[in-house]
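As a plain string of letters, each chain reads:
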Amino acid sequence: MNEKIIGGLKRFGSARLIISLFFIALLVITYVLDLSFAATVSDVLIRWCMNFLLVLAMVPSVLSGCGLNFASTLGICCGLLGGVLSLEFGFTGVMSLIMAAIFGSVFAAVIGGIYGKLLNYIKGSEMMIATYVGFAFVSLMCIVWVFLPITNDSLRLAMGGGVRLNVELSATFGEMLNNFLAVEIGGITIPVGFMLVCAAFCVLLRLFLNSRAGRLMQVAGENPKFAKALDISVNRNRILGTILSMVLSAIGILFYAQSYGFLQLYTAPLRMSFLAVAAVLIGGATTRRASIGNVVLGTLLFNGILAMSTPVANALAPDSNLAEIVRIIVSNGIIVYALTKIKREV
Amino acid sequence: MQEKSTARLKAVIKKYNVVIFFIILAIAAYIVSGVAPTVFLQEIASRFCRNTFQVLALIIPVIAGLGLNFSIVIGAMAGQMAVIHTVSFGITGFPSFLVSVLISTPLAILFGFLVGKVLNKTKGNEMITSMILGYLANGIYQFIYLYLIGTAIPFPDKSMMNDNGIGIKSSLGFDGTFRYSLTDVWNTTLYDFVLIAGIAALVCVVIYLIRAFMKKKKSGIPVRIAQYIGCAVIAVLAVFLIILRQVSFQAQFVMKFVKFPLSAVICILLLCLFNTWIFKTKLGHNFRAVGMNQQVAMVSGINVNRTRIIAMILSTVFAAWGQIIRLQDIGTMNTYSAHEQIALLAVAAILVGGASVVKASNKNALLGIILFHAIFAVSPQVGTALFADSQVGEYFRVFLAYGIIFVALAMNAVQQAKQSKERKR
């Protein structure tokens, strides 16, 4: 029995254990200090859902052998572009979100295909290059946002051309999923509808991974030599994984934006991929293994910590951005920790 | 004969393709921007003196096989910590420079050691690790200087702290204390420096031409023509620089009253010499051996991990000193963001100079910093000239920096993938 517990803890990993304890500690502090416990928990739940797809996007990338997708900012930018176009064409209500997702997915699939091709030339250094592809693309998109010929006044910069820094969504799909089938229990708002939508994406991904194409992709990612022997095209499967990852990121940022209430353009997406990477790593993924379970746990722990550290930090040290510092240290710390683990697995 | 020399010229162009591309880009950017020549010159000169030291700090890790050291931001933080405490002790003038160097060195050695330790655990992923370590260190640095100062760590100078007595202000000015502590040791005006540099360049060209004629080198005609064109360009530039002394009052103002820190230039030259010297020592040979092939180096009795850590320590220490040189010349400091862009700009600069992930030299650093900052300095004006929007130029130069690093990394990775494929065959 004892061995079983120790073995289980070992598999859980010391880093994850520390993070989980930190999460629980924050939860307790929030309750003890009476920092509007119900509102904080509601916030944790919303953040769990709003970041979910962005983190889920890491799974196909890792499973297809491309490593953690530090370039998911490409997909994020595509999703934002989809959102802007959907609003520009005047869609409202549910259609605005659906059309944004469709536009965004199409762009993301194209960009993902091109980027996946690039990744095939640079096997072995994907993560570093992905980071700079992401940075370069975001700064390129900054120029695109300036020159985008927008006619809709609610999107346009007040002075001159170009899209606004933050596009308000309250008139279109802002908080649509947040309020979808939301249930309130004891002051805690549970976004049931949003959770169901996220779960639906999990099921879809699960179905794909269990399908023939999905299994082939995982074989190609896990053991390229073996895959070659079976006559599976490693390169094509890597591209497939990248495209899936990008499309999920594109839809993910729209979900994020509807919760947040704004499409954040220009340099806002610059470091978003790092947060998604950190979340999936906290969930127990590595650069070569990732599961939907990792995503569920990791997103809850990481975003929960971020959500709760703000009120706690404000109570401990008022007028501070201690929460921001917690975010920097936790997210980058876990990435460095994961990087040090790479060699031992191989 | 003719064909052979054409082939040689082609080889030269291929070897320096990156540099040639950026020379053309820099000239085009300068022409489009319409910036006054004196202002342009002054911009490049001051950026050169401020940034070159840190770019030179990148060379040793590249040779030792650690790739581009993005964690020089950690060195920069060590420099900033030293500056904060030096100023808080109320030290001024040249001693303040010496004291900050003295404080920063042990800090940088410690940080470099820790970074080296981590990088030894992440072999093959050094660059991304060093980058993320930089971000992580940024968080810790902010935690210390925003919260621990004034609460856990006593701090003597209340004027540098936030009003509530916790944490250092987000922007510090060093006028009358630390500012120009190195620059004032030995400086001149750009006006005088231009004259000396112009004459020196002319003399060099003449000597070179005389030697070329004496030797009667039998290199092919195109190469010789290329050499002559090069000499002619330098000569014309030198004459131009000398004539520049006679230009308008406004231009003279820029040139006569802006300090040109010869002392910083001396520091840069010393580091160049150090970089050349170290690769002639036993340690330098070890750096090279480890950079070429870790297995071979290990078999021949080199302690690979130790060598890599030493490379990181040296780089971090130089980055710290570089930050001190930079800050004393600028005179103000954004406590929590002054270090953030350091690695991006330094790495992009050395790559523009023709370096790669596995190859870098003083030449790459010096040339790169001039070219990169020539483009960087004028791109807002280029944006204004082309698109009537300076913000576009701002975005463009950020894109340029990121893009350069991406292309260089991708080129190197493609080469590596090819090599490993060939080895398998």
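Before reading further, recall that the structure is shown in the block above.
It should be emphasised that the depicted structure is a prediction, and the values quoted were computed from it without experimental measurement.

**Q** Got a minute to help me understand the overall build of chain B in this structure?
**A** When helices and strands are counted, chain B shows 17 helices and four strands. In terms of overall size, chain B behaves like a compact globule, its C-alpha atoms giving a radius of gyration of 23 Å where 425 residues would be expected to give roughly 22 Å. Overall size of chain B, expressed as C-alpha extent along the three principal axes, is 75 × 65 × 45 Å. For chain B, restricting intrachain contacts to residue pairs at least 6 apart in sequence, the fraction spanning at least 24 positions comes to 79%. Computing the positive centroid from 36 side-chain charges and the negative centroid from 13, chain B places the two 19 Å apart.

**Q** I keep staring at the overall build of chain A and nothing clicks. Help me out?
**A** Looking only at helices and strands, chain A has 16 helices and four strands in total. Over its C-alpha atoms, taken along the principal directions, chain A stretches across nearly 55 × 50 × 35 Å. Taken across its 346 residues, chain A has 55% of its residues classed as buried. Here chain A carries 23 positive and 14 negative side-chain charges, and the mean point of each set is 17 Å from the other.

**Q** What am I meant to see in the interface of chain B and chain A here?
**A** When the parts of a complex come together, some accessible area is lost, and that lost area is often taken as the interface size. Residue-level contacts link 38 residues of chain B with 39 residues of chain A. A buried area of about 3400 Å², summed over both sides, lies between chain B and chain A, and 78% of it is on carbon and sulfur atoms. Area buried by chain B at its contact with chain A is led by Tyr135, Tyr395 and Tyr402 of chain B, which between them contribute 19% of it. There are zero salt bridges connecting chain B and chain A. At the junction of chain B with chain A, the criterion picks out one residue pair in polar contact (both at pLDDT 80 or more). Breaking the side of chain B that touches chain A down by element, the ones donating at least two residues are helix H6 (93–121), helix H7 (126–148) and helix H17 (390–424) of chain B. By residue number, the principal contributor to the side of chain B that touches chain A is H17 of chain B, which donates 15 residues. Counted by class, the side of chain B that touches chain A contains 28 nonpolar, seven polar and three charged residues.

**Q** Is there a simple way to think about the packing of helix H13 (residues 272–282) of chain A against helix H15 (residues 322–340) of chain A in this case?
**A** Helix packing geometry: the angle between the two helix axes and the distance between the axes. Residues and elements named next belong to chain A. The geometry of H13 relative to H15 is characterised by a closest axis approach of 9 Å and an angle of 65° between their N-to-C directions. Pair H13 / H15 crosses with left-handed handedness. Where H13 abuts H15, its residues Phe274, Leu275, Val277, Ala278, Leu281 and Ile282 lie against Arg327, Val330, Ser331, Ile334, Ile335 and Ala338. When the residues that make up the contact of H13 with H15 are grouped by side-chain class, the tally is ten nonpolar, one polar and one charged.

**Q** Can you walk me through a nonpolar patch on the surface in this structure?
**A** Residues and elements named next belong to chain A. A surface patch of nonpolar side chains, amounting to about 870 Å² of accessible area, comprises Leu17, Leu21, Ile24, Val28, Ile29, Tyr31, Val32, Leu33 and Leu316. Secondary-structure assignment places Ile29 in helix H2 (residues 14–32). Overall, Ile29 belongs to the partly exposed group, its relative accessible area being 32%.

**Q** Whenever I open this one, helix H9 (residues 192–210) of chain A confuses me. Can you help?
**A** Counting along an α-helix, one turn takes 3.6 residues, and residues three or four places apart therefore face a common direction. The end-to-end C-alpha distance of H9 of chain A, which contains 19 residues, comes to 26 Å, matching closely the 27 Å that a straight helix rising 1.5 Å per residue would cover. Listed as buried for H9 of chain A are Gly193, Phe194, Val197, Cys198, Phe201, Cys202, Leu205 and Leu209 of chain A.

**Q** I keep staring at the packing of aromatic side chains and nothing clicks. Help me out?
**A** The description of an aromatic ring pair rests on the distance of the ring centres and on the angle between the ring planes. The full count for this structure, using the stated rule, is 28 aromatic pairs over all chains. Seen in terms of ring centroids, Phe274 of chain A and Tyr135 of chain B are 5.6 Å apart; in terms of plane orientation they differ by 90°. Their pairing is edge-to-face. Here Phe274 of chain A is found in helix H13, whereas its partner Tyr135 of chain B is found in helix H7 on a different chain. Both residues of the pair, Phe274 of chain A and Tyr135 of chain B, belong to the buried class. For the ring pair Phe143 of chain B and Tyr147 of chain B, a centre distance of 6.1 Å and an interplane angle of 40° mean the geometry is tilted. You can see Phe143 of chain B and its partner Tyr147 of chain B sitting in helix H7, four residues apart, about one turn around the helix. Residue classification places Phe143 of chain B among the partly exposed residues on the basis of a relative accessible area of 32%. The buried category is assigned to Tyr147 of chain B, whose relative accessible area is 11%.

**Q** Looking at this structure, how should I read helix H14 (residues 304–330) of chain B?
**A** All names here are of chain B. An ideal rise of 1.5 Å per residue puts 39 Å on 27 residues; H14 measures up with 39 Å between its terminal C-alpha atoms. The buried count for H14 comes to 22 of 27 residues, which makes it a mostly enclosed element. Among the residues trailing H14, Gly331 stands out with phi positive, at a value near 90°.

**Q** I keep staring at the environment of Phe178 of chain B and nothing clicks. Help me out?
**A** Residue and element names in this part refer to chain B. Take Phe178: it is sitting in the loop between strand E1 (171–173) and strand E2 (187–189). Note: C-alpha distance between Phe178 and Thr105 (73 residues apart in sequence) is 18 Å. Beyond its immediate chain neighbours, meaning those up to four positions away, Phe178 contacts Val83, Val87, Ser96, Phe97, Ser100, Ile324, Leu327 and Gln328.

**Q** What am I meant to see in the pattern of salt bridges here?
**A** A side chain with one charge can pair with a side chain of the opposite charge if their charged atoms come near. Residue and element names in this part refer to chain B. One pass over the structure, following the stated rule, counts eight salt bridges over all chains. Between Glu43 and Arg47 there is a salt bridge, and its shortest N-O distance comes to 2.8 Å. Of this pair, Glu43 and Arg47 both sit in helix H3 (residues 37–56), four residues apart, which is roughly one turn of the helix.

**Q** Any chance you could explain the side chain of Asn286 of chain B here in plain terms?
**A** Looking at the secondary structure, you find Asn286 of chain B in helix H12 (residues 282–292). If we skip the residues at most four places from it in the chain, Asn286 of chain B touches Ile302 and Thr307 of chain B.

**Q** I tried to follow the pairing of strand E3 (residues 188–191) of chain A on my own but got confused; where do I start?
**A** Strand residues, when the strand is regular, have side chains that alternate between the two faces of the sheet. Residues and elements named next belong to chain A. Across four bridges, strand E2 (residues 182–185) lies against E3 in antiparallel orientation. Opposite Glu184, over in E3, you have Thr189 as the bridge partner. In this antiparallel pair of consecutive strands, E2 and E3, the connection spans two residues, and Gly186 shows a positive phi of 55°.

**Q** Any chance you could explain the packing of helix H3 (residues 37–56) of chain A against helix H14 (residues 292–316) of chain A here in plain terms?
**A** Residue and element names in this part refer to chain A. Viewed as axis vectors pointing N to C, H3 and H14 meet at an angle of 135°, and their least axial separation amounts to 8 Å. When the axis of H3 is compared with that of H14, the two are oblique. As for the relative orientation of H3 and H14, their crossing is right-handed in sense. Between H3 and H14, the residues in contact are Thr40, Asp43, Val44, Arg47, Trp48, Asn51, Phe52, Val55 and Leu56 and Ile292, Val295, Val296, Thr299, Leu300, Asn303, Gly304, Leu306, Ala307, Met308 and Pro311, respectively. Its residues assigned to classes, the contact of H3 with H14 shows 13 nonpolar, five polar and two charged.

**Q** I tried to follow the environment of Glu168 of chain A on my own but got confused; where do I start?
**A** Residue and element names in this part refer to chain A. Tracing the chain through its elements places Glu168 in strand E1 (residues 166–168). Distance from Glu168 to Leu244, taken between C-alpha atoms, is 28 Å for residues 76 residues apart in sequence. Setting aside its immediate chain neighbours within four residues, Glu168 contacts Gly261 and Phe262.

**Q** Please clarify how unusual backbone geometry should be interpreted in this entry.
**A** Of all residues except glycine, most have a negative phi; of all peptide bonds, most are trans. Its identity as a non-glycine residue notwithstanding, Asp231 of chain A has a phi of 65°, on the positive side. Looking at the secondary structure, you find Asp231 of chain A in the loop between helix H11 (224–229) and helix H12 (234–260). The backbone phi angle of Tyr180 of chain B is positive, close to 60°, even though this residue is not glycine. One can find Tyr180 of chain B in the loop between E1 and E2. What makes Tyr180 of chain B partly exposed here is its relative accessible area of 23%.

Criteria and cut-off values
- Residues numbered from 1 in each chain as written.
- Chains lettered and ligands numbered in written order.
- Predicted model: local features only at pLDDT ≥ 70, side-chain atom pairs only at ≥ 80, totals over all residues.
- Heavy atoms only, no water.
- Helix = DSSP H or I, 4+ residues; strand = E, 2+ residues; numbered from the N terminus.
- Rg over C-alpha atoms; globule rule 2.2 N^0.38 Å.
- Contact = heavy atoms within 4.5 Å.
- Lys, Arg positive; Asp, Glu negative; His and termini not counted.
- Charge placed at Lys NZ, Arg CZ, Asp CG, Glu CD.
- Buried < 20%, exposed > 50% of the residue type's maximum accessible area, 1.4 Å probe, protein only.
- Buried area = accessible area lost by both parts, 1.4 Å probe.
- Salt bridge = Lys/Arg side-chain N within 4 Å of Asp/Glu carboxyl O.
- Polar contact = N/O pair within 3.5 Å; in protein donor to acceptor, adjacent residues only side chain to side chain.
- Nonpolar A, V, L, I, M, F, W, Y, C, P; charged D, E, K, R; others polar.
- Axes fitted to C-alpha atoms, helices over the stretch in contact; angles between N-to-C directions.
- Left-handed = near helix turned anticlockwise from the far one by under 90°.
- Patch = residues over 30% accessible without salt bridge, like charges linked within 9 Å, V, L, I, M, F, W, Y side chains within 5 Å.
- Areas by Shrake-Rupley, 256 points an atom, 1.4 Å probe, with all protein chains shown as cover.
- Expected span 1.5 Å × (residues − 1).
- Phe/Tyr/Trp six-rings, centres within 6.5 Å; stacked < 30°, edge-to-face > 60°.
- Pairing = 2+ DSSP bridges.
- Parallel < 35°, antiparallel > 145°, perpendicular 65-115°, else oblique.

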